[in-house]
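Coordinate inspection notes
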Amino acid sequence: MADRDGRSLSKISDSAFNTSQNHRPNSGKITKTMSAHQSTSRFQILKHQVVGKTTELTELKKKITTLRTRKYKHDLQREQAQDALERLNDQMTLREEEMANVEENKLMGLKELEADFEDKKLSLVSKQNADLQKKADEYFKLAQDTELQKQESRKAELSHLMGEVESLKNQISNLPLDFQQAINDIVVSGDKNLELVKKEKQSEIMGLNHSIEVTKDLILEANHKLSKVKDEVEISIGRTNTMELEYEELLAQWKLTENSCIDLQHEIDSQMDELKSLEDKIAEVMNNAEMYDANALQMDDQILSLENSRRNLHGLLQDLKGNIRVFCRVRPLKAEENPARIEFAPMNDAFKEQITLVTEQRDSMTGRTPAPKPLKKYDFGFDKVFDESLSNSKVYEEISELVQSALNGFNVCIFAYGQTGSGKTFTMSKKEDGMIPRAIRQIFEEVSHLKQQGWEFEIQGQFLEIYNETINDLIGNTYSDSQKHEIKHDETLMRTSVTGVTKVFLDSPETVNELLAKASKNRFTASTKANDKSSRSHSLYIFEITGHNVNLNESTRGVLNLVDLAGSERFTHSQTTGDRFKETQAINKSLSSLGDVICALGANSSKQHIPYRNSKLTYLLQYSLGGNSKTLMFVNISPAHVHFNETLNSLRFATKVNNTHIGNAKRNA
Ligand SMILES: Nc1ncnc2c1ncn2[C@@H]1O[C@H](COP(=O)(O)OP(=O)(O)O)[C@@H](O)[C@H]1O
Ligand SMILES: [Mg+2]
């Protein structure tokens with residue numbers, strides 16, 4: 001395989017990096033393939049387990065969120081119920097006061113009624129007495145009348161007797177003398193008797209008259225008394241009537257009060273029932289709340305232990321996936337472009353997703369169909385192949401684990417490699433869903449999530465550019481950065497610094513986005529000055545993430561390097577002159593150094609020299625490329641026919657990187 005511009009890529013033997021050859025079974029390697037097959041199936045089992053654990057974890061997290069929401073709702077209900085209870089208690093107190101008032105009124109009314117009754121009783125007794133007196137008077141009058149009648153009849157008798165006496169006298173005068181004498185004698189004695197009877201009767205009459213007088217006085221007195229009693233009775237009858245009316249009124253009032261009392265009692269009863277059911281509900285809610293609290297505590301414990309096992313599993317998964325991974329991404333075809341023939345195939349036996357470039361028979365220059373040539377196919381396999389239909393969000397799902405690793409204390413590098421116009425910047429930096437904005441969001445979300453488990457994180461950022469093997473600060477005060485920046489390594493701490501480059505504490509995604517905008521503006525300004533310099537420089541977004549957990553007495557430090565590489569298109573020496581030639585050399589040098597470093601790391605020999613110093617890019621990333629780190633490379637390709645050769649070159653370079661397996665990554669202490 002001859003490389004047109006003779007870059008160091010040509011140093012790498014074909015057998016090591018030609019994918020189509022690598023993937024073809026070789027009869028001399030049967031035993032190796034067998035054991036590889038066994039580890040493959042073990043890997044598959046582990047992969048299943050990992051997927052299972054991850055799903056379990058997601059489920060548990062979901063459950064916790066639902067439980068927390070339910071608990072919050074119950075707390076809210078409980079508070080509402082308590083409010084209602086307090087309101088009911090207030091109402092109850094009011095009702096009780098009202099009841100007490102009603103009771104007092106009732107007692108007073110009863111007392112008044114009793115007094116009225118007593119009065120009426122007295123008046124009725126006196127009325128009876130009066131009636132009796134009246135009857136006695138009537139009897140007395142009757143007796144008097146009878147006495148007067150008797151006197152009248154006696155008077156009549158007397159006058160009748162007197163008449164008889166007169167007639168007898170006349171008879172006597174008509175009789176002879178002796179007779180007359182005898183009669184006179186008789187008359188005298190008769191007179192005498194008469195006189196006596198007269199006297200007797202007269203004294204009797206006098207006595208009677210006297211008793212009449214006495215009786216008259218008595219009657220007068222009795223009449224007097226009677227009229228007095230009558231008056232009194234009249235008055236008491238009037239009083240009784242008004243009292244009776246009052247009594248009726250009071251009785252009606254009493255009835256009303258009694259009814260309202262009954263109503264009140266009903267209301268109180270129903271309120272009491274309501275209160276009871278509310279109390280029951282509150283008790284139930286309290287019970288539930290306690291249960292939820294207990295559950296939440298249990299869950300917290302579970303989360304902690306799950307978090308630990310998740311970290312372990314995550315590490316294991318990353319180990320299994322290898323520490324260098326390559327994702328191939330094809331951008332959509334543009335309207336003005338003719339398509340190259342690209343075929344996609346699912347994962348092969350080596351767990352690689354496949355992409356195949358097929359040579360076209362059509363001559364794009366003349367449009368004529370030449371004599372038929374046999375089709376040539378170039379097969380490649382990568383950890384992921386994203387066709388043009390896949391969005392940045394879908395792509396990000398595949399790298400979020402790596403970003404998580406940086407939080408867990410690993411050094412991570414994510415590169416975008418490809419010719420200019422193949423979608424590197426679209427993939428890495430597109431606003432909102434590019435890998436860099438998404439990674440930043442994830443980091444800040446995780447940082448706040450891990451805070452609950454006692455982790456405190458500090459994030460610092462440096463945004464710089466390597467152009468012509470010179471480092472420029474993209475967020476310094478001015479872009480015209482004449483300062484010379486040097487790379488320094490602290491070999492004991494395994495840390496890298498660049499002199500004079502702005503390092504900013506990042507406290508929110510907003511701060512980061514502002515700085516990203518500034519960096520891209522600086523890049524853009526520079527590119528207009530020097531004719532699209534942006535495609536011929538590497539942009540590096542370096543995030544240093546340090547964490548400390550007081551509870552666990554653990555600290556972590558990870559560095560996440562996100563790199564938008566310079567365009568990988570090759571320029572032949574004849575095509576370029578002057579500055580452009582120098583630029584081209586610098587790009588070729590740094591990109592091939594990157595390939596060489598990864599390749600040397602993959603040789604897996606401790607004695608192997610790793611040529612980090614061959615370029616500023618590899619030297620700067622020295623501690624993020626290698627044993628203690630994880631690397632992902634996007635190889636961005638164009639689907640256009642006109643880019644066929646560049647696409648083929650990019651896929652070859654990526655294959656070289658992908659066939660490298662660097663030993664298991666270790667976390668920074
Ligand atoms: N996946 C994609 N979906 C839609 N448009 C894309 C995609 N990738 C690249 N593009 C478009 O293609 C053009 C070149 O992409 P760009 O990211 O600038 O390439 P590079 O950074 O590699 O030079 C841009 O107009 C970009 O919007
Ligand atoms: Mg770009």
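Residues numbered from 1 in each chain as written. Chains lettered and ligands numbered in written order. Predicted model: local features only at pLDDT ≥ 70, side-chain atom pairs only at ≥ 80, totals over all residues. Heavy atoms only, no water.

Our focus in this paragraph is the environment of Lys630. Within the secondary structure layout, Lys630 lies in strand E14 (residues 629–637). With a relative accessible area of 2%, Lys630 lands in the buried category. (Helix = DSSP H or I, 4+ residues; strand = E, 2+ residues; numbered from the N terminus. Buried < 20%, exposed > 50% of the residue type's maximum accessible area, 1.4 Å probe, protein only.)

For the pair helix H9 (residues 578–602) and helix H11 (residues 644–658), the least separation of the axes is 8 Å and the interaxial angle reads 30°. The pairing of H9 with H11 is recorded here as roughly parallel in orientation. Residue-level inspection shows Leu591, Ser592, Gly595, Asp596, Ile598 and Cys599 of H9 in contact with H11, the latter providing Phe653, Lys656 and Val657. Residues that form the contact of H9 with H11 fall into these classes: five nonpolar, two polar and two charged. (Axes fitted to C-alpha atoms, helices over the stretch in contact; angles between N-to-C directions. Parallel < 35°, antiparallel > 145°, perpendicular 65-115°, else oblique. Contact = heavy atoms within 4.5 Å. Nonpolar A, V, L, I, M, F, W, Y, C, P; charged D, E, K, R; others polar.)

Another point: the site of ligand 1. Taken together, Arg329, Arg331, Pro332, Lys334, Gln419, Thr420, Gly421, Ser422, Gly423, Lys424, Thr425 and Phe426 form the complete shell of residues around ligand 1. Contacts to ligand 1 include Gly423, whose backbone N or O atom sits 3.0 Å from an oxygen atom. Protein coverage of the free-state accessible area of ligand 1, which is 550 Å², stands at 68%. The element contributing the most residues to the shell around ligand 1 is helix H6 (residues 424–429), with three residues. (Near = heavy atom within 4 Å. Polar contact = N/O pair within 3.5 Å; in protein donor to acceptor, adjacent residues only side chain to side chain. Areas by Shrake-Rupley, 256 points an atom, 1.4 Å probe, with all protein chains shown as cover.)

Moving on to the packing of helix H5 (residues 392–407) against helix H7 (residues 435–451). Where H5 meets H7, the closest approach of the two axes is 9 Å, and the angle between their N-to-C directions is 50°. The orientation of H5 with respect to H7, classified from their angle, is oblique. Like other packed secondary-structure pairs, H5 and H7 cross with a definite hand, here right-handed. Contact with H5, carried on its side by Asn392, Ser393, Val395, Tyr396, Ile399, Ser400, Val403, Gln404 and Leu407, involves Met435, Arg438, Ala439, Gln442, Ile443, Glu446 and Val447 of H7 and no other residues of that element. (Left-handed = near helix turned anticlockwise from the far one by under 90°.)

Inspection of the secondary structure assignment puts Glu353 in strand E3 (residues 353–358). Within the structure, Glu353 has its side chain in polar contact with the backbone nitrogen of Val385 (distance 2.9 Å). In this view, Glu353 contacts Ala345, Pro346, Met347, Phe380, Gly381, Phe382, Asp383, Lys384 and Val385; residues no more than four positions away in its chain are not counted.

The next point concerns the packing of aromatic side chains. Counting across every chain of the model gives seven aromatic pairs. An aromatic cluster is defined as three or more aromatic residues linked by ring pairs; in this entry it consists of Phe327, Phe386 and Phe634. Its guanidinium or amino end placed over the ring of Phe410, Lys630 lies 4.3 Å from that ring's centre, counting from NZ or CZ. (Phe/Tyr/Trp six-rings, centres within 6.5 Å; stacked < 30°, edge-to-face > 60°. Lys NZ or Arg CZ within 6 Å of the ring centre and 35° of its normal.)

Right, let's talk about the pairing of strand E7 (residues 455–467) for a bit. For E7, the tally of buried residues reaches 11 of 13 residues, placing the bulk of the element in the interior. With 12 bridges joining them, E7 and strand E12 (residues 538–549) adopt antiparallel strand pairing. Along E12, the bridge assignment pairs Gln462 with Ile542. Relative to strand E11 (residues 504–506), E7 is paired through three bridges, and the arrangement is antiparallel. Counterpart to Gln460 in the pairing with E11 is Phe505. Pairing of E7 with strand E8 (residues 470–473) involves four bridges; the strand directions are antiparallel. Bridge assignment links Tyr467 to a residue of E8, and that residue is Thr470. Where E7 folds back on E8, the antiparallel hairpin that results is connected by two residues, among which Asn468 adopts a positive phi of roughly 55°. (Pairing = 2+ DSSP bridges.)

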